[in-house]
Amino acid sequence: MAKTKTLYFGAGWFNEKQNKAYKEAMEALKQNPTVDLENSYVPLDNQYKGIRVDEHPEYLHDIEWASATYHNDLVGIKSSDIMLGVYLPEEEDVGLGMELGYALSKGKYILLVIPDEDYGKPINLMSWGVCDNAIKISELKDFDFNRPRYNFYDGAAVSYTHLRAHETRGNL
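Nothing here was measured: the structure is a model prediction, and the numbers come from that model. (Residues numbered from 1 in each chain as written. Predicted model: local features only at pLDDT ≥ 70, side-chain atom pairs only at ≥ 80, totals over all residues. Heavy atoms only, no water.)

1. Looking at the side chain of threonine 6
Then comes step 1: Within the secondary structure, threonine 6 is located in the segment before β1 (7-10).
Then comes step 2: Here threonine 6 is in contact with Asp36, Asn39, Ser40, Ser79, Ser80, Asp81 and Ile82, once residues within four sequence places are set aside. (Helix = DSSP H or I, 4+ residues; strand = E, 2+ residues; numbered from the N terminus. Contact = heavy atoms within 4.5 Å.)

What follows is the structure, given as structure tokens:
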């Protein structure tokens, strides 16, 4: 199989669980023969002026850095074949949600990749609705990006806003 597909690698790296999922997904992609990882867009590797906010959080308040990084990420989504989102069901990431919605608006195939231990847990209705397929991280190394297909997620889709409102009222 040829490495013909590029992807936008949407994933958080702001806590231990996100870092673990990020690393596991990246390792699986390195083993996948259908991904052109060298020409794919990984936001953490493409931050403005090479300034990584995980190492320099003070740049989150720098308007030039923030604007350029945001717009570079949009270019990354537009120029990639596929949007891949490393998704943690119990840790909604607003940034990933925005990236997924933008990728949908650009007609990109959207693949959610969920840690094996979290697969099957309820996911946000909007993230569920936007994705074309959702797989376990352990399936990522064998996923054929040259032949993307639609498939259903084997878990529930919930509106967390609705769920939280019921919890607050004591209805659950």
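2. Some points on the packing of aromatic side chains
How two aromatic rings sit relative to each other is set out by the distance from centre to centre and by the angle between their planes.
Then comes step 1: The full count for this structure, using the stated rule, is six aromatic pairs.
Then comes step 2: Ring centres 5.5 Å apart and planes at 10 degrees place the aromatic pair tyrosine 8 and tyrosine 41 in the stacked group. Of this pair, tyrosine 8 sits in strand β1 while tyrosine 41 is found in the loop between α1 (16-31) and α2 (63-79), placing the two residues 33 residues apart along the sequence. The pair tyrosine 8 / tyrosine 41 is uniform in exposure class, with both members buried.
Then comes step 3: Seen in terms of ring centroids, phenylalanine 143 and phenylalanine 145 are 4.8 Å apart; in terms of plane orientation they differ by 70 degrees. Their pairing is edge-to-face. (Phe/Tyr/Trp six-rings, centres within 6.5 Å; stacked < 30°, edge-to-face > 60°. Buried < 20%, exposed > 50% of the residue type's maximum accessible area, 1.4 Å probe, protein only.)

3. Some words on the packing of α2 against helix α3 (residues 94-105)
Then comes step 1: Following both chains from N to C, one finds α2 and α3 inclined at 45 degrees, their axes separated by 10 Å at the closest point. As judged from the angle between their axes, α2 and α3 are oblique. Here α2 and α3 pass one another in a crossing that is right-handed. Residues Tyr70, Asp73, Leu74, Ile77 and Lys78 of α2 touch α3, and the partners they reach there are Met98, Glu99, Tyr102 and Ala103.
Then comes step 2: Per-class residue counts for the contact of α2 with α3 are six nonpolar, no polar and three charged. (Axes fitted to C-alpha atoms, helices over the stretch in contact; angles between N-to-C directions. Parallel < 35°, antiparallel > 145°, perpendicular 65-115°, else oblique. Left-handed = near helix turned anticlockwise from the far one by under 90°. Nonpolar A, V, L, I, M, F, W, Y, C, P; charged D, E, K, R; others polar.)

4. Thoughts on the environment of isoleucine 135
Then comes step 1: If you trace the backbone, isoleucine 135 turns up in strand β5 (residues 133-136).
Then comes step 2: Exposure remark for isoleucine 135: the relative accessible area of 6% places this residue in the buried category.
Then comes step 3: In this structure, the C-alpha to C-alpha distance between isoleucine 135 and glycine 120, residues 15 residues apart in sequence, is 9.8 Å.
Then comes step 4: Discounting residues that sit within four places of it in the chain, isoleucine 135 has contacts with Leu111, Leu112, Val113, Ile114, Tyr119, Leu140 and Phe143.

5. Thoughts on the sheet that holds β5
Then comes step 1: As summarised here, the arrangement of the four strands in space is β1-β2-β3-β5, forming an open sheet in which the pairing is parallel. Where the open sheet ends on each side, the last strands, each with one partner, are β1 and β5. In this sheet, neighbouring strand axes are inclined to one another by 20 degrees on average, regardless of whether the strands run parallel or antiparallel.
Then comes step 2: Set on the sheet, α1 makes contact with β1 and β2 (82-86); between it and β1 the angle comes to about 160 degrees.
Then comes step 3: Along the sheet, α3 contacts β1, β2 and β3 (109-114); its crossing angle with β2, the most-contacted strand, is approximately 160 degrees. (Pairing = 2+ DSSP bridges.)

6. Focus: α1
Then comes step 1: Relative to the 22 Å expected for 16 residues at 1.5 Å per residue, α1 spans 23 Å between its end C-alpha atoms, a close match to the ideal helical length.
Then comes step 2: Within the sequence span of α1, burial applies to Gln18, Ala21, Tyr22, Ala25, Met26, Ala28 and Leu29. Projected down its long axis, α1 carries its buried residues within an arc of 160 degrees, all on one side. Opposite the buried face of α1, by more than 90 degrees, sit the exposed residues Glu16, Lys23, Lys30 and Gln31.
Then comes step 3: On its buried face, α1 is in contact with β1 and β2.
Then comes step 4: The N-capping residue of α1, defined by a side-chain oxygen 3.0 Å from the backbone nitrogen of lysine 17, is asparagine 15. (Expected span 1.5 Å × (residues − 1). Arc of directions from axis to C-beta. Polar contact = N/O pair within 3.5 Å; in protein donor to acceptor, adjacent residues only side chain to side chain.)

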